[in-house]
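Analysis of the macromolecular model
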Amino acid sequence: MAPKAKEKAKNLVIVESPAKAKTIEKFLGNDYLVKSSYGHIRDLEKKDFGIDKSDNYKPKYVVSSDKKEVVKELKKLVDNSELVWLAADEDREGEAIAWHLAEVLDLKEENTRRIVFHEITKKAITNAIENPRQINYNLVNAQQARRVLDRLVGFELSPVLWKKVKPSLSAGRVQSVAVRLLVEREREIFEFSPKSSFRVKAIFNVTSQQNKVYEMTAELNHRFKTEEEAQKFVEHCTGSNFTVNKVTKKPYRKTPAAPFTTSTLQQEAARKLGFSVSQTMSVAQRLYEAGKITYMRTDSVNLAGDAVNAAVERIKEDMGDKYVKVRKYSTKSKGAQEAHEAIRPTNPGKESVGGNDREKRLYDLIYKRTLASQMSDASIEKTSVEIDVEGSQYNFQATGEVILFDGFLKVYIESNDNEREEEDAPGFLPPIKENDPLILKSLQARERWTQKPPRYGEAALVRKLEELGIGRPSTYAPTINTIQQRGYVVKEDRPGTPREYRVIELVDNKIKTDKRVENSGAERSKLFPTDIAMVVNDFLIKYFPDIVSYDFTAKVEKEFDRIAVGDVVWNEAIHNFYVPFNKQVEETLEKSERNRGERILGTDPKTGKVVSVRIGRYGPMAQLSNPEDEEEKPRFASLTREQHLETITLEEALKLFELPRDLGLYEDKKVVVGVGRFGPYVRHDGKFASLKKGVDDPLEITLERAIHLIEEKRERDNKKIVKSFKNVPELQILRGRWGPYISYDKKNFKVPKDVEASELSADDCLEIIEKSKSSVGTKKSKAKSSTAKKSTAKKSETKKGTATKKSATKKSGTSTKSSAKKSSTTKSSTKKSRSSKKE
């Protein structure tokens, strides 16, 4: 939606979002009109990469089709203003938005001001207005370099994958490295073989001097490899004496975590609130634009003096002076280049804010973390108890903690990704001293298994990317979204599988042996790489090792950082990367073989045909073929969700050819189970019902279970139907996500908002359909006419531009750095090209 022009204003302030504009407008007087560009107004052309490789990798920008009305309106407002203030965000992307606005709106330098602020408060906005600056072309060039490099990699690498692996695939510089991390972890899990042992825990009764009896849990300092060894130890404990051999007390201090950066906020919001990375950034963006928190894309952990003072006052008021400890944090990341302050409340003394539930919860997290960062250490005493077992070389150990002074823990406790059991957490110990005798209440030796390497969740992946120096605050969320959208990664819960374990118990000097069942391997919101991700990853490692190299990708990020401070010419950096990369692309297209992850499993004992698996048109599949008879068509079967090309066995693959399976009759019609393009299904009477992920196996599902799924699907469909018509069976009114709609002849049509859907007749519906079709036809006709006019205008413009457009790499004067000479964004080129520039 384009902004509407108002009366003439002396000052026009342009920001990226309407919400940000609304907040800023509150702090400025009537002489200021605040308008939004609704994000980026232009981007690289799709044609020919959008980059002129023959002209020093000069980007070819075009105004986005959905922003033309916005640009048109902003130009009118510029003409009616004396000064234009470009107030896009203060990171590289914001600087690039400001530059694009200056270029497209043909702004004159003497009438243009660039202002930045890391929080939307009256003080910050006033300070920005009082201290304007010019556009920072080094920051613009760093952002251009990232955009150009990513376009070159994506547009050159993706066609290689189409030809050599599978059509419609894509590759990207950062996304490919993120996928590699997930693939390598998945293969660690594939290769992992759990080993069992017996863990022994005991509960002792401790009697105090006041004759009070307390319970204390302790664990043996050894794990037994076999059931026989565990049984022997349990028998030894029968009737044995247990004595406290040693009690050790060690005080230690715990310090608070630094205030939030982008990555630590994403990680903590995932762990504490269950937010995805993109959800966190979306909510934080709204909080920032409403003036409630500082800028949310930052590597910095620094806090402004005013913010520290406000936090200290709040701590003193609520908890007292002893809880205050002023701290100054420094940023560890060498590449920190975004905003200059950590994420904090704009008013650290304000405990809560309005907004929706997610906004309130995220603000509360940020508020508490900020406050805790300026609080005293927690003082804790850790107690370790060693318990001797009469006649045994092993001993029991118990640990406990006592908080002597809570300090910052009164407000905030940082989470982590360690998946340890709750029973492992240190508890509290009863009063105890050396040589105290203990009475054994119960003892249990339970079979446990070594844990497989944990899969990455979004928070853990962000932490790993940051640790490797890959990506920056603005790239984590888009990278994780992209690898999911493109089918390389699936984020989901997996229920786990039943696993039997053995238990030996000693209670009241009686030994009992038992077998029990637990759920093993359940996972929540984890990232699982798909088979196609593994095949693509292997292909890239073989032919494009630099693209998926952790060190190389981190090195490129550092190169962007150097461009941002003017130490490197961006065009030269792109050239140094592109020349060898392009050579790799050409050699790979010419010399490499197709790679579909094919793996031969063996021979079908019944037919003698070869059984193999590979990536097919619709995903991973098994193939049964006779290599000696080329005329005989092979048989194909899709793999189930739980199966992988790398781990499926011959027996499992042969079972897939039993599908589709005929389960029997229901309502005198066949019930068939199979695996299709969208996963396992049950088919009955021409309709399909999906099998439940992690619950139903298409090779084992019964007729009874299939009927249950069919009835469930019917119930859902019936709730979806608003109205159907016997005289026109193919016509229905259905409930959709965005309201009721008409379904007819396999096409959907909107029901007008002012119409009650349930009262429509068949004739009413057909009339709406006809009106909708004629409306679409009119729009297409206008679009063709408009396209023809634009094509003619563009040809004329191109001829005119060839004669008048000035070089973007022309010298700008003696004071300009060499890095700006080759940049398309130098001050000189910006001024000289505006009079002739056309978009």
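Residues numbered from 1 in each chain as written. Predicted model: local features only at pLDDT ≥ 70, side-chain atom pairs only at ≥ 80, totals over all residues. Heavy atoms only, no water.

1. Points about the overall build of the protein chain
Stated formally: Secondary structure elements are defined from DSSP: runs of H or I of at least 4 residues count as helices, runs of E of at least 2 residues count as strands, and each element is numbered from the N terminus. Relative accessibility under 20% of the residue-type maximum defines a buried residue, over 50% an exposed one, and the middle range a partly exposed one, all with a 1.4 Å probe and only protein chains included. Whether two residues touch is decided by their heavy atoms; if any such pair falls within 4.5 Å, the residues are in contact. Accessible surface is estimated by sampling points in the Shrake-Rupley manner with a 1.4 Å probe; for residues, cover comes only from the protein chains shown.
When helices and strands are counted, the protein chain shows 21 helices and 30 strands. Every one of the 839 residues in the protein chain was classed for burial, and the buried ones make up 46%. Considering only intrachain contacts with a sequence separation of at least 6, the fraction spanning at least 24 residues in the protein chain is 71%. Of the roughly 44700 Å² of accessible surface on the protein chain, 47% is carried by carbon and sulfur atoms.

2. Focus on a negative patch on the surface
The cut-off we apply is this: Here, patches come from residues exposed beyond 30% relative accessible area and free of salt bridges, joined within 9 Å for like charges and within 5 Å for nonpolar side chains (Val, Leu, Ile, Met, Phe, Trp, Tyr). Salt bridge criterion: a side-chain nitrogen from Lys or Arg within 4 Å of a carboxyl oxygen from Asp or Glu. None of His or the chain ends enter the tally, which takes Lys and Arg as positive and Asp and Glu as negative. The atoms used to mark charge sites are NZ of Lys, CZ of Arg, CG of Asp and CD of Glu.
A contiguous patch of negative charge on the surface is contributed by Glu628, Asp629, Glu630 and Glu631. Among the secondary structure elements, Glu631 is positioned in the loop between β21 (619-625) and β22 (635-638). The exposure class assigned to Glu631 is exposed, which follows from its relative accessible area of 77%.

3. Focus on the pairing of strand β14 (residues 437-449)
Let me state the cut-off plainly: Strands pair, by our definition, only if DSSP identifies at least two bridges between them.
Note: strand β9 (residues 196-207) against β14, 10 bridges, orientation antiparallel. Along β14, the bridge assignment pairs Ala202 with Leu443. Summarising the sheet, strand β11 (residues 242-254) and β14 pair through 2 bridges and their orientation is antiparallel. Directly across from Phe242, in β14, lies its bridge partner Leu438. Where β14 and strand β16 (residues 497-507) come together, 5 bridges link them in antiparallel fashion. By the bridge assignment, Leu443 is partnered in β16 with Leu506.

4. Comments concerning the packing of helix α6 (residues 173-191) against helix α14 (residues 531-543)
For the record, the criterion: Each axis is a line fitted through C-alpha atoms, taken for helices only over the stretch in contact, and angles between the N-to-C directions span 0 to 180 degrees. Note on angle classes: values under 35 degrees are labelled roughly parallel, values over 145 roughly antiparallel, values of 65 to 115 roughly perpendicular, and the remainder oblique. By definition, turning the near helix anticlockwise from the far helix through less than a right angle yields a left-handed crossing, and turning it clockwise yields a right-handed one.
Put simply, α6 and α14 touch, their axes get as near as 10 Å, and they point 115° apart. The angle between the axes of α6 and α14 places the two elements in the roughly perpendicular class. Between α6 and α14 lies a crossing whose hand is left-handed. Contacts between α6 and α14 pair Ser176, Val179, Arg180, Val183, Glu186, Arg187 and Phe190 from the former with Ala533, Met534, Asn537, Asp538, Leu540 and Ile541 from the latter.

5. Topic: empty space enclosed by the protein
The condition is simple: Cavities and pockets were defined on a 1 Å grid built over protein atoms only: a cavity is a set of grid points that admits a 1.4 Å probe from which the probe cannot escape, a pocket is an open set flanked by protein on both sides within 12 Å along at least five of seven lines, and lining residues are those with an atom within 4 Å of any such point. Grid points are joined across faces, edges and corners, and a volume is the space filled by probe spheres set on the points. In this classification, the charged set is Asp, Glu, Lys and Arg, the nonpolar set is Ala, Val, Leu, Ile, Met, Phe, Trp, Tyr, Cys and Pro, and all remaining amino acids, among them Gly, are polar.
According to the stated counting rule, one finds 3 cavities of 30 Å³ or more in the structure shown. Roughly 100 Å³ of internal volume is contained in the largest cavity. When residues in the lining of the largest cavity are grouped by element, the largest group, 3 residues, is from strand β8 (residues 112-114). In terms of residue class, the lining of the largest cavity is made up of 5 nonpolar, 2 polar and 5 charged. The volume enclosed by the second largest cavity comes to roughly 70 Å³.

6. Notes on the nonpolar core
Where a protein is soluble and globular, its nonpolar side chains tend to be buried together. Put simply, the rule reads: The nonpolar core is taken to be a set of buried Ala, Val, Leu, Ile, Met, Phe, Trp, Tyr and Cys residues, with the residues joined through side-chain atoms within 4.5 Å.
Counting 150 residues, the largest nonpolar core has Phe117 and Leu362 as its most contacted members. Looking at this core, the element that brings in the most residues is helix α5 (residues 137-164), giving 12 residues. Other than its neighbours up to four places away in sequence, Phe117 contacts Lys20, Ile24, Ala87, Glu90, Ala124, Ile125, Ala128 and Tyr288. Residues Ala202, Phe204, Ile387 and Ala398 belong to the second largest nonpolar core, which totals 28 residues.

7. Brief notes about the side chain of Ser373
Take Ser373: it is sitting in the loop between α11 (357-372) and β12 (378-389). Look past the residues within four positions of Ser373 in its chain and what remains in contact with it is Pro256, Ala257, Pro259, Leu303, Lys325, Arg327 and Tyr329.

8. So, the side chain of Arg369
Note on placement: Arg369 falls in helix α11. Apart from the residues lying within four places of it in its own chain, the contact partners of Arg369 are Ala257, Ala258, Pro259, Phe260, Thr264, Glu268, Tyr412 and Glu414.

9. Here we look at helix α15 (residues 550-564)
Condition: Expected span, for any helix, means 1.5 Å times one less than how many residues it has.
For α15, spanning 15 residues, the distance from its first C-alpha to its last is 22 Å, which sits close to the expected 21 Å at 1.5 Å a residue. In the stretch just after α15, Gly566 is the one whose phi turns positive, near 85°.

10. Re the sheet that holds strand β23 (residues 661-666)
In spatial order, the strands read β23-β24-β25-β26; together these 4 strands make up an open sheet with antiparallel pairing. Because the sheet does not close on itself, it has two edges, and the strands there are β23 and β26 (687-690). Within the sheet, the average angular offset between the axes of one strand and its neighbour, ignoring direction, is 30°. Where strand β24 (residues 669-676) meets strand β25 (residues 679-684), 6 bridges bridge the pair, whose relative direction is antiparallel. By the bridge assignment for β25, Val671 is matched with His684. On the sheet, helix α18 (residues 703-720) packs against β23, β24, β25 and β26 and is oriented at approximately 65° with respect to β23.

11. A closer look at the confidence of the model for the protein chain
To keep things clear, this is the line we draw: Values of pLDDT, the confidence the predictor places in each residue, fall between 0 and 100.
In the predicted model, the protein chain carries a mean pLDDT of 87, and the fraction of residues at 70 or more is 89%. In the model, residues 334-339 has pLDDT below 50 throughout and makes 23 contacts with residues more than four positions away in sequence or in other chains. Here residues 792-839 is a poorly scored stretch, pLDDT under 50, and it has 77 contacts once near neighbours within four places are set aside; other chains count.

12. Notes on the packing of aromatic side chains
Where we set the bar: For Phe, Tyr and Trp, where Trp contributes only its six-membered ring, two rings pair if their centres lie within 6.5 Å, and the inter-plane angle classes them as stacked under 30 degrees, edge-to-face over 60, or tilted in between.
Inspection of every chain in the model, using the stated rule, returns 19 aromatic pairs. Judged by centre distance (4.9 Å) and plane angle (40°), the ring pair of Tyr323 and Phe405 falls under tilted. Placement of Tyr323 in the loop between α10 (305-319) and α11 and of Phe405 in strand β13 (residues 395-405) is noted, with a sequence separation of 82 residues between them. Measuring from ring centre to ring centre gives 5.3 Å for Tyr681 and Phe688, while their planes differ by 70°; the resulting arrangement is edge-to-face.

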